Amino acid sequence: MKKTLLFVLTSLSFIGIYCVLIINFPKNTGVIPFLIILLFANVYLWTYVHDCIRRYRKSLYLLTASLYWLPLATFYGMVITGFFYPFTQWNIPARAYLSGTIVITLAIMAIPAAFLTINDIIRISRYSINFFHHRPEAKWQNFPRNSVAMNVSWILA
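Residues numbered from 1 in each chain as written. Predicted model: local features only at pLDDT ≥ 70, side-chain atom pairs only at ≥ 80, totals over all residues. Heavy atoms only, no water.

**Observations concerning the overall build of the protein chain**
The number of helices and strands found in the protein chain is five helices and zero strands. Reading the helices (α) and strands (β) of the protein chain from amino to carboxyl end gives α-α-α-α-α. In the protein chain, the share of contacts with a sequence separation of at least 24, taken over all contacts with a separation of at least 6, comes to 61%. Total accessible area on the protein chain is roughly 10,900 Å²; 72% of this is exposed by carbon and sulfur atoms. (Helix = DSSP H or I, 4+ residues; strand = E, 2+ residues; numbered from the N terminus. Contact = heavy atoms within 4.5 Å. Areas by Shrake-Rupley, 256 points an atom, 1.4 Å probe, with all protein chains shown as cover.)

**Some details on helix α3 (residues 58-84)**
Along α3, the sharpest kink reaches roughly 50°, centred on L70 and followed within four residues by the proline P71. Turning to α3, its buried residues are Y61, A65, Y68, P71, L72, F75 and M78. (Bend = angle between axes of the 7 residues up to and from the residue. Buried < 20%, exposed > 50% of the residue type's maximum accessible area, 1.4 Å probe, protein only.)

**Description of the nonpolar core**
In this structure, L45, W46, V49, Y68 and F75 are the most contacted members of the largest nonpolar core, which totals 27 residues. Broken down by secondary-structure element, the contributors of at least two residues to this core are α1 (2-24), α2 (31-53), α3 and α4 (92-134). By residue number, the principal contributor to this core is α2, which donates 10 residues. Dropping the residues within four chain positions of it, W46 is found in contact with I53, Y61, A65, Y68 and W69. (Core = buried A, V, L, I, M, F, W, Y, C linked by side-chain atoms within 4.5 Å.)

**Considerations on the side chain of D120**
Summarising the element assignment, D120 is placed in helix α4. When near neighbours in sequence (up to four residues on either side) are disregarded, D120 contacts Y44 and R145.

**Notes on the packing of aromatic side chains**
Using the criterion set out here, one finds four aromatic pairs in the structure. Ring plane angle 55° and centroid distance 5.8 Å describe the contact between F75 and Y76, whose orientation is recorded as tilted. An aromatic cluster is present here, built from W46, Y68 and W69 joined pairwise through their rings. (Phe/Tyr/Trp six-rings, centres within 6.5 Å; stacked < 30°, edge-to-face > 60°.)

**Quick look at the confidence of the model for the protein chain**
Summary statistics for the protein chain give a mean pLDDT of 78 and a share of 88% for residues scoring 70 or more. The element-level mean pLDDT for the protein chain is lowest in helix α5 (residues 147-156), coming to 70, with α3 highest at 85. (pLDDT = per-residue confidence, 0-100.)

**Focus on the packing of α2 against α4**
It is the contact of α2 with α4, at a shortest axis distance of 8 Å, that shows an interaxial angle of 60°. Classified by the interaxial angle, the pair formed by α2 and α4 is oblique. Judged by the sense of rotation from one axis to the other, the crossing of α2 with α4 is left-handed. Together, F34, L35, L38, A41, N42, Y44, L45 and Y48 of α2 and V103, L106, A107, M109, A110, P112, A113, L116, T117 and D120 of α4 make up the contact between the two elements. (Axes fitted to C-alpha atoms, helices over the stretch in contact; angles between N-to-C directions. Parallel < 35°, antiparallel > 145°, perpendicular 65-115°, else oblique. Left-handed = near helix turned anticlockwise from the far one by under 90°.)

**Things to note about α2**
Taking 1.5 Å as the rise per residue, α2 with 23 residues should run 33 Å; its terminal C-alpha atoms sit 31 Å apart, in good agreement. At T47, α2 shows its strongest bend, of approximately 25°. Within the sequence span of α2, burial applies to I32, L35, L38, L39, A41, N42, L45, W46, Y48, V49 and I53. (Expected span 1.5 Å × (residues − 1).)

**Describing a nonpolar patch on the surface**
A cluster of nonpolar side chains, contributed by F7, V8, L12, I15 and F40, occupies part of the molecular surface with about 500 Å² of accessible area. Counting residues per element, the nonpolar patch draws most heavily on α1, which supplies four residues. Mapped onto the elements, F40 comes out in helix α2. Note on F40: relative accessible area 46%, which makes it partly exposed. (Patch = residues over 30% accessible without salt bridge, like charges linked within 9 Å, V, L, I, M, F, W, Y side chains within 5 Å. Salt bridge = Lys/Arg side-chain N within 4 Å of Asp/Glu carboxyl O.)

Written out as structure tokens, the structure reads:
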């Protein structure tokens, strides 16, 4: 239920943002699909990061989770602030640097997410080959992610 609610709220917020952009900034509406792809990559990466950090102490877990979601919280803060104080009246350098920093941070998070996707595709193919050709009782947990590929993705990011 919690994931469904989060998905519905995120979808509605992106539809709202898209409508606001179409009305006020029609030439900037092409950014929305890019942001949606980055958001889904960020959430997909969070599933992996959450499994790694949930064993930390509570304070370290909250600090890591807060830093991880800071760009998205800043993005939503910009949107909410834009409803009360028009985005066009913001200081131009602040507007450019803040939105640019958010996009760059989300794009950097997409690098490990891309490697994680490749890693999961390899994992699915190994599982499928083993399931269909050798033994149908193979378990998904017996096919871990490749740690070398994940370490390379974190180093690149």
